[in-house]
Amino acid sequence: MRKKILIIENDQDIRNIIDFILEEQGFTTLSIPEPQDLDEIIPFKPDLILLDEFINDRPGHRLCKKIKQIGVLKNTPVIILSTANDIELIAAECNANDYISKPFNVPDMVDKVIRLVNHLPLAY
């Protein structure tokens, strides 16, 4: 069964690029600009969530905190995507499993996604 990746990114071009890359790697993806309610993402049952830090009017790390409090999603790995200089601190604050700085290196992003969905330790 193909692993499922949820992409929450408000920039449509970035969302489409990530979606294309991960589909080419054999993942099933769902990409949305912003969930209106977390209940809409639960049925997808993602194996990993890629979450933009800057989602319209709300910081992504707040959404990350909410995700980590929902029973069926709390163990789902979350990777924060951001251009912020302090992305490492932001990711740590919301208990994200990792972060990716934008602009990102495609092989590095794919490697992090694969490692987290397969529950392998990250190599720093």
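All figures in this text were calculated on a predicted structure; none of them were measured in a lab.

About the cut-offs
Think of each chain on its own: its residues are numbered from 1, step by step along the sequence as written. Given that this is a predicted model, residues contribute local features only at a pLDDT of at least 70 and side-chain atom pairs are listed and counted only at 80 or more, while totals for whole chains, interfaces and linings are drawn from all residues. Only hydrogens and water are set aside when side-chain values are computed; all heavy atoms of the structure are taken into account. The salt bridge definition used is simple: a Lys or Arg side-chain nitrogen within 4 Å of an Asp or Glu carboxyl oxygen. Helix and strand definitions here come from DSSP, where helices need a minimum of 4 consecutive H or I residues and strands a minimum of 2 consecutive E residues; each element is numbered from the N-terminal end. Each residue's exposure class comes from its accessible area (1.4 Å probe, protein chains only) as a fraction of the maximum for that residue type: buried when under 20%, exposed when over 50%, partly exposed otherwise. Nonpolar cores were defined as sets of buried Ala, Val, Leu, Ile, Met, Phe, Trp, Tyr and Cys residues, with membership established by side-chain atoms within 4.5 Å. Residue contacts are counted whenever heavy atoms from the two residues lie within 4.5 Å of one another. Buriedness for pockets is judged along seven lines, at least five of which must meet protein on both sides within 12 Å for an open set on the 1 Å grid over protein atoms alone, while cavities are sets there where a 1.4 Å probe fits but cannot get out, and lining residues have an atom within 4 Å of a point. Grid points are joined across faces, edges and corners, and a volume is the space filled by probe spheres set on the points. Gly is put with the polar residues, along with every residue not named as nonpolar or charged; the nonpolar set is Ala, Val, Leu, Ile, Met, Phe, Trp, Tyr, Cys and Pro, and the charged set is Asp, Glu, Lys and Arg. Pairs of strands are assigned from DSSP output, requiring at least two bridges between the strands. Every axis corresponds to a line fitted to the C-alpha atoms, with the helix fit spanning only the stretch in contact, and the corresponding angles, defined between N-to-C directions, vary from 0 to 180 degrees.

**Student:** Any chance you could explain the pattern of salt bridges here in plain terms?
**Tutor:** Where side chains of opposite charge bring their charged atoms close, a pairing between them can arise. One pass over the full model with this rule turns up 6 salt bridges. The closest approach of N and O atoms between Lys102 and Glu9, which form a salt bridge, is 2.8 Å. Taken together, the positions of Lys102 in the loop between β7 (98–101) and α4 (106–117) and Glu9 in the loop between β1 (4–8) and α1 (12–24) put the pair 93 residues apart, joining distant regions of the chain. Of the two residues, Lys102 and Glu9, both sit in the buried class. Among the charged side chains, a network of salt bridges with common partners joins Glu9, Asp52 and Lys102.

**Student:** Would you mind going over the nonpolar core with me for this structure?
**Tutor:** The tendency in soluble globular proteins is for nonpolar side chains to be buried as a group. Ranked by internal contacts, the top residues of the largest apolar core, which has 21 residues, are Ile8, Leu51, Val78 and Ile80. Those elements that place two or more of their residues in this core are β1, β3 (48–52), α2 (60–67), β6 (78–82) and α3 (87–93). Setting aside residues up to four positions removed in sequence, Leu51 forms contacts with Ile8, Gly60, Leu63, Cys64, Val78, Ile79, Ile80 and Leu81. In terms of nonpolar packing, the next biggest core, distinct from the first, is built from 17 residues, Ile7, Ile21, Leu116 and Val117 among them.

**Student:** Just to check I follow, could you spell out the layout of surface pockets for this structure?
**Tutor:** Summary: where empty space remains is shown by rolling a probe the size of a single water molecule over the atoms. Taken as a whole, the largest pocket encloses approximately 170 Å³ of empty space. Lining the largest pocket, in full, are Glu34, Pro35, Gln36, Asp37, Leu38, Ile55, Arg58, Pro59, Gly60, Arg62, Leu63 and Lys66. Among the elements that make up the lining of the largest pocket, the one with the highest residue count is α2 (4 residues). Considered class by class, the residues forming the lining of the largest pocket number 5 nonpolar, 2 polar and 5 charged.

**Student:** Can you help me understand the sheet that holds strand β2 (residues 28–32) in this one?
**Tutor:** On the basis of which strands lie adjacent, the open sheet formed by 5 strands has the order β2-β1-β3-β6-β7 and parallel pairing. Both edges of this open sheet fall to β2 and β7, since each of them pairs with a single strand only. With direction set aside, neighbouring strand axes in the sheet form an average angle of 20 degrees. Alignment of β6 against β7, held across 4 bridges, turns out to be parallel. Bridged to Ile80 within β7 is Tyr99. Of the strands in this sheet, β1, β3 and β6 touch α2, which is tilted by about 155 degrees from β3. Docked against the sheet, α4 engages β1, β3, β6 and β7, running at close to 170 degrees with respect to β7.

The values reported here are purely geometric and, on their own, carry no functional implication.
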